[in-house]
Amino acid sequence: MSSELPPARLRLDPALAGRGMLDGGWWPRSTDPLAELPGLIAALDAQVGTVHRITFNDELWRRAPRRITVSGRTVRLGWHGPSDVHEMSVSGAGRDRLDLLVVPPDTSEACALAAMATAARGDNGSHATSILDETRHLTPGRS
């Protein structure tokens, strides 16, 4: 059995200039944060710097642990915000904060990829839920 994590389905604004509402998007494979967050944290550590804390709304998740250990270090988890159920904030990561769209795991591939591309556009001006609603309209018959 391999201990290797599956690659995170993550897309970031290449410039990370912080001009848009969001800095990118993430599409987890399940609603289990203990299964999903290690891959995300590893990807962010490699791309933008060490993650120290993640905060997000617990409505999409099966459980709400207060911390997770990844690569021998503890990352704190906060479950009190942000207010948009489809957004998460990452502290550390080489910047004060990254704001990411969280695409629900059961979203169609076409919708998820479109939503992540929109969220990673440096000039995006919408909150995460609005982006998901817009991309669902772009892919008829898909959720």
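Treat the numbers as computed from the prediction; the structure is a model and nothing was measured.

As for helix H1 (residues 33-48)
Turning to step 1, where the next piece is worked out: Its 16 residues place the ends of H1 21 Å apart at the C-alpha level, agreeing with the 22 Å of an ideal helix rising 1.5 Å per residue.
Turning to step 2, where the next piece is worked out: Buried residues of H1: Pro33, Glu36, Leu37, Pro38, Gly39, Leu40, Ile41, Ala43, Leu44 and Val48, and no others.
Turning to step 3, where the next piece is worked out: Backbone geometry just downstream of H1 places glycine 49 in the positive-phi region, at approximately 120 degrees.

Observations concerning the nonpolar core
Turning to step 1, where the next piece is worked out: Leu10, Trp26, Leu37, Ile41, Leu44, Ile54 and Met88 are the most contacted members of the largest nonpolar core, which totals 24 residues.
Turning to step 2, where the next piece is worked out: Contributions of two or more residues to this core are made by strand S1 (10-12), H1, strand S3 (51-56), strand S4 (67-70), strand S5 (73-78), strand S6 (87-92) and strand S7 (95-102).
Turning to step 3, where the next piece is worked out: Tallying contributions element by element places H1 first for this core, with six residues.
Turning to step 4, where the next piece is worked out: If you look at the next biggest cluster of nonpolar residues, it comprises 11 residues, including Leu22, Leu101, Val103 and Ile131.

Examining the pairing of S6
Turning to step 1, where the next piece is worked out: Judged by how many residues are buried, S6 sits mostly within the fold: five of six residues are covered.
Turning to step 2, where the next piece is worked out: Bridge count between S3 and S6: five bridges; the pairing is antiparallel. Bridge pairing in S6 places valine 51 opposite glycine 92.

Rules behind the numbers
- All residue numbers here refer to positions counted from 1 along the written sequence of the relevant chain.
- Since the coordinates come from a predicted model, pLDDT governs what is reported: local features require at least 70, and pairs of side-chain atoms require 80 or more to be given and counted, while whole-chain, interface and lining totals use all residues.
- Each side-chain value is derived from all of the structure's non-hydrogen atoms; neither hydrogens nor water enter the calculation.
- Helix and strand labels come from DSSP, where a helix needs a run of H or I of at least four residues and a strand needs a run of E of at least two; each type is numbered from the N terminus.
- The length a helix should cover is 1.5 Å for every residue beyond the first.
- To sort residues, take the accessible area from a 1.4 Å probe on protein chains only and compare it with the maximum for the residue type: under 20% means buried, over 50% means exposed, and anything in between is partly exposed.
- We define the nonpolar core as a collection of buried residues of types Ala, Val, Leu, Ile, Met, Phe, Trp, Tyr and Cys that are connected through side-chain atoms lying within 4.5 Å of one another.
- By this definition, two strands are paired if DSSP reports at least two bridges between them.

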